[in-house]
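Now for the letters of each chain:
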Amino acid sequence: MVDVLAICAFHAAYAHAIDSDELERWPSFFTERCHYRITHVENEREKLPAGIVYADSRAMLEDRIAALREANIYERHRYRHLLGMPLVESADGGGAVARTPFMVSRIMHSGETGLFATGEYRDRFVLQGNRLLLAERVVVCDSTVTDTLLALPL
């Protein structure tokens, strides 16, 4: 059965991949046919499906990282994730549904650090073999104001 400790370990590895600029590893945390969306709390409350970022497959996530590395021009920066304890809403031998609060700081190439985003991950995990993967991650940001420098995945 999937438990809180397994989800915490998953989150630690997920955040480490992003925070240490190992972005090519990020899509491997998802199933082939996954759903990833970044939105804000008011859109979720109103059940509006549009997202600031939207992907419906691991291939789309891989394309996003390739574009970040090869095509997009943006001011270089990195993140530091701070994650709270997951609230496991349901779990069984095949997966789990959980919500996890997060805070993400952005560190600019100049060294300036600021709070970039807060919110919660709304996740549906599946167990494939002995590996926990995301079938769905909806990143619900607390603020309705979106920074134009939302390049890296949350």
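Residues numbered from 1 in each chain as written. Predicted model: local features only at pLDDT ≥ 70, side-chain atom pairs only at ≥ 80, totals over all residues. Heavy atoms only, no water.

Identification of the protein as Terephthalate 1,2-dioxygenase from Ramlibacter henchirensis is taken from an unreviewed UniProt entry. Taken from UniProt, the Sequence similarities (unreviewed entry) comment for the protein reads in full: "Belongs to the bacterial ring-hydroxylating dioxygenase beta subunit family." (UniProt positions renumbered as here; feature names shortened; annotations may be inferred.)

Caption draft 1: Looking closely at helix α3 (residues 58–70). Here α3 contains 13 residues, and its C-alpha end-to-end distance of 18 Å stays within 8% of the 18 Å for a straight helix at 1.5 Å per residue. Those residues of α3 not exposed but buried are R58, L61, I65 and L68. Summarising the axial view, the buried residues of α3 lie within an arc of 80 degrees, below the 170-degree limit, and thus occupy one face. Pointing more than 90 degrees away from the buried face of α3 are the exposed residues D63 and E70. Each element contacted by the buried residues of α3 is listed here: β1 (30–40), β2 (53–55) and β7 (131–141). (Helix = DSSP H or I, 4+ residues; strand = E, 2+ residues; numbered from the N terminus. Expected span 1.5 Å × (residues − 1). Buried < 20%, exposed > 50% of the residue type's maximum accessible area, 1.4 Å probe, protein only. Arc of directions from axis to C-beta. Contact = heavy atoms within 4.5 Å.)

Caption draft 2: Main features of helix α1 (residues 4–19). Compared with an ideal rise of 1.5 Å per residue, which puts 16 residues at 22 Å, α1 spans 22 Å between its outermost C-alpha atoms and is within 8% of the ideal. Here α1 has its buried residues at I7, F10, H11, Y14, A15, A17, I18 and D19. Where α1 is buried, its residues touch β1, β3 (77–83), β4 (87–92), β5 (95–108), β6 (113–128) and β7. A positive backbone phi angle near 60 degrees is found at D21, which sits one or two residues after α1.

Caption draft 3: Focus on the nonpolar core. In this structure, Y14, F30, Y36 and L154 are the most contacted members of the largest nonpolar core, which totals 35 residues. Elements supplying a minimum of two residues to this core: α1, β1, β2, α3, β5, β6 and β7. For this core, the element with the highest residue contribution is α1, accounting for five residues. Excluding residues that lie within four positions of it along the chain, L154 makes contacts with Y14, I18, Y36, I38, Y79, H81, V104, F116, A117, Y121, V139 and C141. (Core = buried A, V, L, I, M, F, W, Y, C linked by side-chain atoms within 4.5 Å.)

Caption draft 4: Representation of the pattern of salt bridges within the structure. Evaluation of the coordinates by the stated rule reveals eleven salt bridges. As a salt-bridge pair, D123 and R137 come within 2.7 Å of each other at their nearest N and O atoms. In this pair, D123 sits in strand β6 while R137 sits in strand β7, placing the two residues 14 residues apart along the sequence. Taken as a pair, D123 and R137 share a single burial class, namely buried. (Salt bridge = Lys/Arg side-chain N within 4 Å of Asp/Glu carboxyl O.)

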